[in-house]
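Examining the three-dimensional arrangement
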Amino acid sequence: MRITVDADRCVGAGQCVLSAPEVFDQDEDGLVTLLMTPGAEEEAKARLASGLCPSRAITVHED
Amino acid sequence: MTLSDPLVVDFPLRKPGVPFPPPGYAGYREHEGLVLSHLPNGDRVWLVTRHEDVRAVLTDPKISSNPEHKGFPNVGVSLGVPKQTQIPGWFVGMDSPEHDRFRKALIPEFTVRRVRAMRPAIEETVDRCIDALLASGDSGDLIADFALPIPSLVISSLLGVPPGDRDFFESRTRTLISIRDSTEEQRTAAAKDLLRYVNRLVSIKEKWRGDDLISRLLATGSIATHELPGVLMLLLIAGHETTANNIGLGVVTLLMNPQWIGDDRAVEETLRFHSVADLVSLRVAVEDVEIAGQLVKAGEGIVPLVAAANHDENAFECPHMFDPSRSARHHVAFGYGVHQCLGQNLVRIEMEIAYRKLFERIPTLELAVPVDGLAVKTDGVLYGLHELPVRW
């Protein structure tokens, strides 16, 4: 599993940081940044974050 | 896809004595396609009641938030600010990309990190409200003396309203949202007072910058000075009564379900369960678009009912149950798409601190009237309580 984020689409709702703080952060502009590639322990939370993102700025790649 | 004739229903304005969300919503969700209704002014609109359809509407680029478009739903009740779209900077009424400049400028003010840093100040505000309640005797109204002042004081502090002006600020915002207890003229006057006040505040901050949102926006310059008052009014209105209604309804629900007192998960479930902003996310199709197999033509109004979506059995198991142990984060109480509530993480913290401190400091808190005697708001777009009489 691989994650990509699109800061241009981000609307700063912060849902990803609440769901998976190990994987996602907000930079100084409040936009999504990726902290790590989720390992087995973070996968479910990262998927939740992707599903919750209101602007679909987080994509999960199953490869 | 061919659909049978759409179901036509009364527009879902709240009525005294009818529970919320209205039991009728469940039937709307079962009907294929969308549900047709008529606004009080006679215009026809599509009601959207399923969770996945509400999300689809709120992210479709063929669907607009701009009330200037022909066919935009006019539900006949407002939050009290007349002609909102004529105020520059009223960016909830804009679409991308015009909207995005405002949103991006404000995002840093409401990040998870930033609102967590506001926690000590919010705790102090909540404590002061409880001090005042306790000092006043052994009973009170939690809407007037707790739920309304907390968000007003928090937003005052965020905007940099000097402490000496906060009573003025609070009284005008209270008039603005008191649809039952004020006249149209009084609300218009209060809106003018507030607009004049925020204009003055911006001029003061231009000369004397401080550690506040207005000063930071002036420093970055991404929002023009003439647009700032509209942005500030929007933050004020979006964050006040919505938060207050959630605090009030949450306290009642916790009193009815005391096993959840002290469990912070009650915050998210309160947001879902009560969905106070059912009629807020109004839209209009600007091109022909298909939603749930239903053709919505350009110029037709769309009303996504977030309370209906948040009680959709396909999205939430036993949705009529107040169950904070469920995973409720995918609710659409804050809307969805690029307009999803900017202040949502601030609201969550305000609610959490309000519930926790209230029940910790007043463990004998109880309703002073029967729960079915509480006066429910039926006169504005937001669901909530007019009063919440309690004793301890």
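The rules behind each value
- Residues numbered from 1 in each chain as written.
- Chains lettered and ligands numbered in written order.
- Predicted model: local features only at pLDDT ≥ 70, side-chain atom pairs only at ≥ 80, totals over all residues.
- Heavy atoms only, no water.
- Helix = DSSP H or I, 4+ residues; strand = E, 2+ residues; numbered from the N terminus.
- Rg over C-alpha atoms; globule rule 2.2 N^0.38 Å.
- Buried < 20%, exposed > 50% of the residue type's maximum accessible area, 1.4 Å probe, protein only.
- Contact = heavy atoms within 4.5 Å.
- Areas by Shrake-Rupley, 256 points an atom, 1.4 Å probe, with all protein chains shown as cover.
- Lys, Arg positive; Asp, Glu negative; His and termini not counted.
- Charge placed at Lys NZ, Arg CZ, Asp CG, Glu CD.
- Salt bridge = Lys/Arg side-chain N within 4 Å of Asp/Glu carboxyl O.
- Pairing = 2+ DSSP bridges.
- Core = buried A, V, L, I, M, F, W, Y, C linked by side-chain atoms within 4.5 Å.
- Expected span 1.5 Å × (residues − 1).
- Axes fitted to C-alpha atoms, helices over the stretch in contact; angles between N-to-C directions.
- Buried area = accessible area lost by both parts, 1.4 Å probe.
- Polar contact = N/O pair within 3.5 Å; in protein donor to acceptor, adjacent residues only side chain to side chain.
- Nonpolar A, V, L, I, M, F, W, Y, C, P; charged D, E, K, R; others polar.
- Phe/Tyr/Trp six-rings, centres within 6.5 Å; stacked < 30°, edge-to-face > 60°.

What about the overall build of chain A?
- Check the secondary structure of chain A and you find two helices and four strands.
- In sequence order, chain A lays out its α and β elements as β-α-β-β-α-β.
- The C-alpha radius of gyration of chain A comes to 10 Å, within 12% of the 11 Å expected for a compact globule of 63 residues.
- When the backbone C-alpha atoms are referred to their principal axes, chain A occupies close to 30 × 20 × 15 Å.
- Taken over 63 residues, chain A has a buried fraction of 48%.
- A separation threshold of at least 6 residues defines the contact pool for chain A, and within that pool the share at least 24 residues apart is 55%.
- Roughly 3000 Å² of accessible area belongs to chain A as shown, and the carbon and sulfur atoms make up 48% of that amount.
- If the 5 positive side-chain charges of chain A are averaged to one point and the 12 negative ones to another, these points end up 9 Å apart.

Thoughts on the pattern of salt bridges
All names here are of chain A.
- Within this structure, the stated rule accounts for 30 salt bridges over all chains.
- One salt bridge connects Glu62 with Arg47, and the closest N-O pair in it is separated by 2.3 Å. Note that Glu62 is positioned in the segment after strand E4 (58-61) and Arg47 in helix H2 (residues 43-52), a separation of 15 residues in sequence.
- On the basis of relative accessibility, which here comes to 36%, the residue Arg47 falls in the partly exposed class.

A word on the sheet that holds strand E10 (residues 366-367) of chain B
All names here are of chain B.
- Read across the sheet, three strands follow the order E5-E11-E10 without closing on themselves; strand pairing throughout is antiparallel. Pairing within the sheet leaves two strands with one partner each, and these edge strands are strand E5 (139-141) and E10.
- As paired elements, E5 and strand E11 (residues 389-391) share three bridges and run antiparallel to each other. Paired with Ser139 across the two strands is Arg391, which belongs to E11.

Notes on the nonpolar core
- Core analysis: the biggest nonpolar cluster contains 120 residues, and Phe24(A), Phe146(B) and Leu388(B) have the highest contact counts within it.
- Excluding residues within four positions of it along the chain, Leu388(B) makes contact with Gly140(B), Asp141(B), Leu142(B), Ile143(B), Gly248(B), Val251(B), Val252(B), Leu367(B) and Leu374(B).
- Leu34(B), Val57(B), Val306(B) and Val332(B) belong to the second largest nonpolar core, which has 17 residues in total.

Let's talk about helix H11 (residues 228-256) of chain B
- For H11(B), with 29 residues, the first-to-last C-alpha span of 42 Å sits near the 42 Å given by 1.5 Å per residue.
- In terms of burial, H11(B) is largely enclosed, as 26 of its 29 residues are buried.

Some remarks on the side chain of His386(B)
- Here His386(B) is to be found in the loop between E10 and E11.
- Using a relative accessible area of 15% as the deciding quantity, one classes His386(B) as buried.

Remarks on the sheet that holds strand E1 (residues 8-10) of chain B
Residues and elements named next belong to chain B.
- Pairing is mixed across the open sheet formed by six strands, whose spatial order is E1-E2-E3-E9-E6-E4. The two strands at the open ends of the sheet, each matched to only one other strand, are E1 and strand E4 (63-64).
- Lying on the sheet, helix H2 (residues 51-59) is in contact with strand E3 (44-48), E4, strand E6 (283-285) and strand E9 (301-304); it crosses E9 at an angle near 130°.

Digging into the interface of chain A and chain B
- Taken residue by residue, the interface counts 22 residues in chain A and 19 residues in chain B.
- Of the roughly 1800 Å² buried at the junction of chain A and chain B (both faces included), carbon and sulfur atoms supply 46%.
- When the buried surface of chain A facing chain B is broken down by residue, Val11(A), Leu18(A) and Pro54(A) rank first, second and third, together holding 30% of it.
- Connecting chain A to chain B are one salt bridge.
- Where chain A packs against chain B, one counts 13 residue pairs in polar contact (both at pLDDT 80 or more).
- Among the secondary structure elements, those contributing two or more residues to the side of chain A that touches chain B are helix H1 (15-19), strand E2 (24-26) and H2 of chain A.
- With four residues, the top contributor of residues to the side of chain A that touches chain B is H1(A).
- Looking at side-chain class alone, the side of chain A that touches chain B contains 10 nonpolar, seven polar and five charged residues.

Topic: the pairing of E9(B)
Residue and element names in this part refer to chain B.
- Neither face of E9 is open: one carries Gly301 and Val303, the other Ile302 and Pro304, and all of them are buried.
- As judged from the four bridges shared by E3 and E9, these two strands associate in the parallel manner. In the strand pairing of E9, Trp46 is matched with Ile302.
- Judged from the two bridges that link them, E6 and E9 form a sheet pairing that is antiparallel. Residue pairing for E9: Val284 is matched across the bridge by Gly301.

A closer look at the packing of aromatic side chains
Residues and elements named next belong to chain B.
- Scanning the model with the defined rule gives six aromatic pairs over all chains in all.
- Between Tyr25 and Tyr28, the aromatic rings sit 5.9 Å apart at their centres with planes inclined by 50°, giving tilted as the arrangement. Taken together, the positions of Tyr25 and Tyr28, both in helix H1 (residues 24-30) and three residues apart, correspond to about one turn of that helix. Tyr28 matches Tyr25 in its accessibility class, with the two residues each being buried.
- Taken together, a centroid distance of 5.4 Å and an interplanar angle of 50° make the contact between Phe168 and Tyr197 tilted. In this pair, Phe168 is assigned in helix H8 (residues 166-177) and Tyr197 in helix H9 (residues 184-207), connecting sequence segments 29 residues apart.
- Aromatic rings pair up to connect Phe168, Phe169 and Tyr197 into one cluster.

What about the environment of Arg329(B)?
- As for its placement among the helices and strands, Arg329(B) is situated in the loop between helix H13 (306-309) and helix H14 (344-361).
- Remark: the alpha-carbon pair of Arg329(B) and Ala26(B), spanning 303 residues in sequence, is separated by 21 Å.
- The residues contacting Arg329(B), other than those within four sequence positions of it, are Gln15(A), Leu18(A), Ser19(A), Leu52(A), Glu268(B) and Arg348(B).
- Among the polar contacts made by the side chain of Arg329(B), one reaches the side chain of Gln15(A) at a distance of 2.9 Å.
- In terms of polar contacts, Arg329(B) uses its side chain to reach the side chain of Ser19(A), at 3.0 Å.

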